[in-house]
Amino acid sequence: MSGTGVHEVFIAKASNSADKIDATLSYILQIEVVLLTIVTAAMIFFVIKYRRKKGRASQNIEGSMLLEIVWTIIPTILVLVMFYIGWRGFINIRTTPKEVMVIKVVGRQFSWLFSYGNGKQGDTLRVPAGKPMKLLLTSRDVIHCLYIPAFRIKEDCVPNMETYLWFTAKEPGTYDIFCTEYCGLGHSGMLSKVIVMPEKDFQQWYAGLPETGHISGLKVLGDKGCLGCHTTDGTAKIGPTFKGLYNSRVTVVTNGKEQTITADEDYLRRSVTDPKADLVKGYPDIMPAIPATPEELNAVVEYMETLK
Ligand code: CUA
């Protein structure tokens, strides 16, 4: 449903918890609407009925024990039912089934990294339909928050701490992932997708060997989170675009001094592993050093050469 017009109004209920959470919210909303109507109607009625009139003296009205009891007991029951339904839903969300597949999630400025037990990694979350999955969340820098509206689940990613979520996706589809904790300049662009696949397709994808031989530079950029801040199409984001960067002249700040250098291969490699050495003028000094193997750096440089 993601990306369709319907999505804006009704977000798909794509996980096991979605119905329960929606039922809880809808129960609370219905009570609110009924109470709001009664209170507003009574208010309007009394304002008109007891408005000031010439020659009418105000009466002294004694309290009513019956009324007091009624409007104490009924709301208490309503609120306790709300608590019970919410508590049941909470237990369900926090109790992970025994047989789950675990995926590690790292939030970082400004992208997501999903890692599987067999070493597979990516910036898109892939899961099989109908199987319980557990996400172990953490952050490499500041607090982020993983939110999958279609699954009705949300949890903070905190540095040096592990939090968790679990869900069973109902059926194949693609749904949005947002970061809902303000984490810096690129927060609003910290988007991804969860792709729910038929179980057979997922197993095939999962068993597919991690790419060997020629590594794709674009894939390295995606997996390492570079594309959270840099684009390949010429638009500037948090950081400069990669388009046309290869062998171009750039003005950088080195040890506080400006200089213009050529973005050659050495410069590009150094900018990945030691980004603070030569900071491109006009951009904030926020990029973390990205660990990369020589093969990965080669692939990235090779790819950048194609972005003329
Ligand atoms: Cu990460 Cu907001």
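Residues numbered from 1 in each chain as written. Predicted model: local features only at pLDDT ≥ 70, side-chain atom pairs only at ≥ 80, totals over all residues. Heavy atoms only, no water.

A. Focus on the pairing of strand β5 (residues 132–139). Burial within β5 is extensive, with six of its eight residues counted as buried. Summarising the sheet, strand β1 (residues 101–108) and β5 pair through seven bridges and their orientation is parallel. What sits directly across from G107, in β5, is S139. (Buried < 20%, exposed > 50% of the residue type's maximum accessible area, 1.4 Å probe, protein only. Helix = DSSP H or I, 4+ residues; strand = E, 2+ residues; numbered from the N terminus. Pairing = 2+ DSSP bridges.)

B. Fine view of unusual backbone geometry. Cis geometry is found at the peptide bond from Q109 to F110, where omega equals 0°. With respect to the helices and strands, F110 occurs in the loop between β1 and β2 (111–116). One non-glycine residue, N160, adopts positive backbone phi at about 60°. Summarising the element assignment, N160 is placed in the loop between β7 (153–157) and β8 (163–168).

C. Layout of the packing of helix α6 (residues 265–273) against helix α7 (residues 294–306). Two elements in contact, α6 and α7, have axes whose closest approach is 10 Å; the angle formed by their N-to-C orientations is 125°. Taken together, the axis directions place α6 and α7 in an arrangement best described as oblique. Every pair of crossing elements has a handedness; the one defined by α6 and α7 is right-handed. Across the interface between the two elements, E265, L268, R269, V272 and T273 of α6 pack against L297, N298, V301 and M304 of α7. (Axes fitted to C-alpha atoms, helices over the stretch in contact; angles between N-to-C directions. Parallel < 35°, antiparallel > 145°, perpendicular 65-115°, else oblique. Left-handed = near helix turned anticlockwise from the far one by under 90°. Contact = heavy atoms within 4.5 Å.)

D. Molecular detail of the packing of aromatic side chains. Tallied over the full model, the rule gives eleven aromatic pairs. Between Y116 and W205, the ring centres sit 5.2 Å apart and the planes meet at 75°, which makes this aromatic pair edge-to-face. Taken together, the residues Y116 in strand β2 and W205 in helix α4 (residues 199–207) connect sequence positions 89 residues apart. What makes Y116 buried here is its relative accessible area of 6%. Taken together, Y116, F202, W205 and Y206 form an aromatic cluster joined through their ring pairs. Here the guanidinium or amino end of R94 rests over the ring plane of Y164, the centre of that ring lying 4.1 Å away. Over the face of the ring belonging to Y147 we find K154, whose NZ or CZ atom lies 4.9 Å from the ring centre. (Phe/Tyr/Trp six-rings, centres within 6.5 Å; stacked < 30°, edge-to-face > 60°. Lys NZ or Arg CZ within 6 Å of the ring centre and 35° of its normal.)

E. Up close: the nonpolar core. Among the nonpolar cores identified, the biggest contains 35 residues, and W112, L125, V127, L135, L146, F151 and V194 are the most heavily contacted of them. Excluding residues that lie within four positions of it along the chain, L135 makes contacts with I103, V105, L125, L146, T163, Y164, L165 and F167. Judged by nonpolar contacts, the second largest core, of 18 residues, contains V252, Y267, V301 and L307. (Core = buried A, V, L, I, M, F, W, Y, C linked by side-chain atoms within 4.5 Å.)

F. Highlighting the confidence of the model for the chain. Averaged over all residues, the pLDDT of the chain equals 88, while 95% of them reach at least 70. The spread of mean pLDDT over the elements of the chain runs between helix α1 (residues 5–9), the lowest at 44, and strand β6 (residues 144–148), the highest at 97. Segment residues 1–8: pLDDT under 50, and ten contacts once partners within four positions in sequence are set aside and those in other chains are kept. (pLDDT = per-residue confidence, 0-100.)

G. Examining the side chain of H230 more closely. Looking at the element boundaries, H230 is found in the loop between α5 (217–223) and β11 (249–254). Residue H230 is classed as buried on the basis of its relative accessible area, which comes to 12%. With residues up to four places along the chain from it excluded, the contact list for H230 reads G239, P240, F242 and M287.

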